[in-house]
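One letter stands for each residue in the lines below.
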Amino acid sequence: MIHPKGKQLQNNPSHLLPSELIDRCIGSQMWVIMKGDKEIIGTLRGFDVYVNMVLEDVTEIEVTPDGKKETRLEQILLNGNNIAVLVPGGKPEDVE
């Protein structure tokens, strides 16, 4: 079925710009995988055009030779250049 131009794209999240998808995640739990050996889990409060992000109620997980080190933070500002992957909804329970 052929839809009028724009009608079909309106409700399909796969046709949104990445910044529009991130904007929909404000107030939601996010799992941020950083370049290097760090992962951040927290509630997204805001971001800018460079994908610098502010997260609250943060757990920072760092993989070290001695194992995983977890640090709790009230708030953090992440540099968008160091973000490798964004996963909405937080870290799944079955991922170690």
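Preceding this paragraph is the structure being described.
Residues numbered from 1 in each chain as written. Predicted model: local features only at pLDDT ≥ 70, side-chain atom pairs only at ≥ 80, totals over all residues. Heavy atoms only, no water.

### Notes on the overall build of the protein chain
What counts is decided by this rule: Strands here mean DSSP runs of E at least two residues long; helices mean DSSP runs of H or I at least four residues long; both are numbered from the N terminus. Only protein chains enter the area calculation, which uses a 1.4 Å probe; residues under 20% of their type maximum are buried, those over 50% are exposed, and those in between are partly exposed. Whether two residues touch is decided by their heavy atoms; if any such pair falls within 4.5 Å, the residues are in contact. Under the convention used here, a 1.4 Å probe and the Shrake-Rupley method define accessible areas, while residue burial counts only the protein chains that appear.
When helices and strands are counted, the protein chain shows two helices and five strands. When the helices and strands of the protein chain are listed from N to C terminus, the series reads α-α-β-β-β-β-β. The 96 residues of the protein chain split such that 27% are buried. Restricting the contact set of the protein chain to residue pairs at least 6 apart, pairs at least 24 apart contribute 40%. With an accessible surface of roughly 7,000 Å², the protein chain has 51% of that area assigned to carbon and sulfur atoms.

### A short note on the pairing of strand 4 (residues 67-78)
When a strand is regular, its side chains alternate between the sheet's two faces. Filter applied, for reference: Paired strands are those between which DSSP finds at least two bridges.
Sheet topology places strand 3 (residues 53-64) next to strand 4; eleven bridges connect them, and they run antiparallel. Bridge pairing in strand 4 places leucine 55 opposite isoleucine 76. Counting the residues in the hairpin turn of strand 3 and strand 4 gives two residues.

### Remarks on the pattern of salt bridges
For the record, the criterion: Salt bridge, as applied in this entry: a Lys or Arg side-chain nitrogen positioned within 4 Å of an Asp or Glu carboxyl oxygen.
Applying the stated criterion across every chain yields a total of two salt bridges. One salt bridge connects glutamate 60 with lysine 38, and the closest N-O pair in it is separated by 3.4 Å. Here the residue glutamate 60 occupies a position in strand 3, and lysine 38 occupies one in strand 2 (residues 38-47), the gap between them amounting to 22 residues. Look at glutamate 60 and you get buried, because its relative accessible area is 14%.

### Some words on the sheet that holds strand 1 (residues 29-34)
Rules: Note on geometry: axes are C-alpha line fits, over the in-contact stretch for helices, and angles between N-to-C directions span 0 to 180 degrees.
With antiparallel pairing, the five strands of this open sheet are ordered in space as 4-3-2-1-5. What marks the edges here is a single partner per strand, and that holds for strand 4 and strand 5 (83-88). Taking each pair of neighbouring strands and ignoring which way they run, the sheet shows an average axis angle of 25°. Inspection of the sheet shows strand 1 paired to strand 5 by five bridges, in the antiparallel sense. Within strand 5, the residue paired with methionine 30 across the bridge is proline 88.

### Regarding the nonpolar core
This is how it is decided: Only buried Ala, Val, Leu, Ile, Met, Phe, Trp, Tyr and Cys residues count toward a nonpolar core, and they belong to the same one when joined by side-chain atoms within 4.5 Å.
Of all hydrophobic cores here, the largest spans 13 residues; its most connected members are Met30, Val32, Ile40, Leu44, Leu55 and Leu78. Contributing elements (two or more residues each) for this core: strand 1, strand 2, strand 3 and strand 4. In contact with leucine 44, not counting residues within four places along its chain, are Ile22, Cys25, Ile26, Gly27, Ser28, Met30, Met53, Val54 and Leu55.

### Points about unusual backbone geometry
In this structure, valine 51 takes a positive phi of about 60° despite not being glycine. Within the element layout of this structure, valine 51 appears in the loop between strand 2 and strand 3.

### Observations regarding the environment of cysteine 25
Within the fold, cysteine 25 resides in the loop between helix 2 (18-24) and strand 1. Counting along the chain gives 18 residues from cysteine 25 to threonine 43, while the straight-line C-alpha distance between them is 9.0 Å. Setting aside its immediate chain neighbours within four residues, cysteine 25 contacts Met30, Leu44 and Pro88.

So, to be careful, I would describe these as geometric facts and stop short of saying anything about function.
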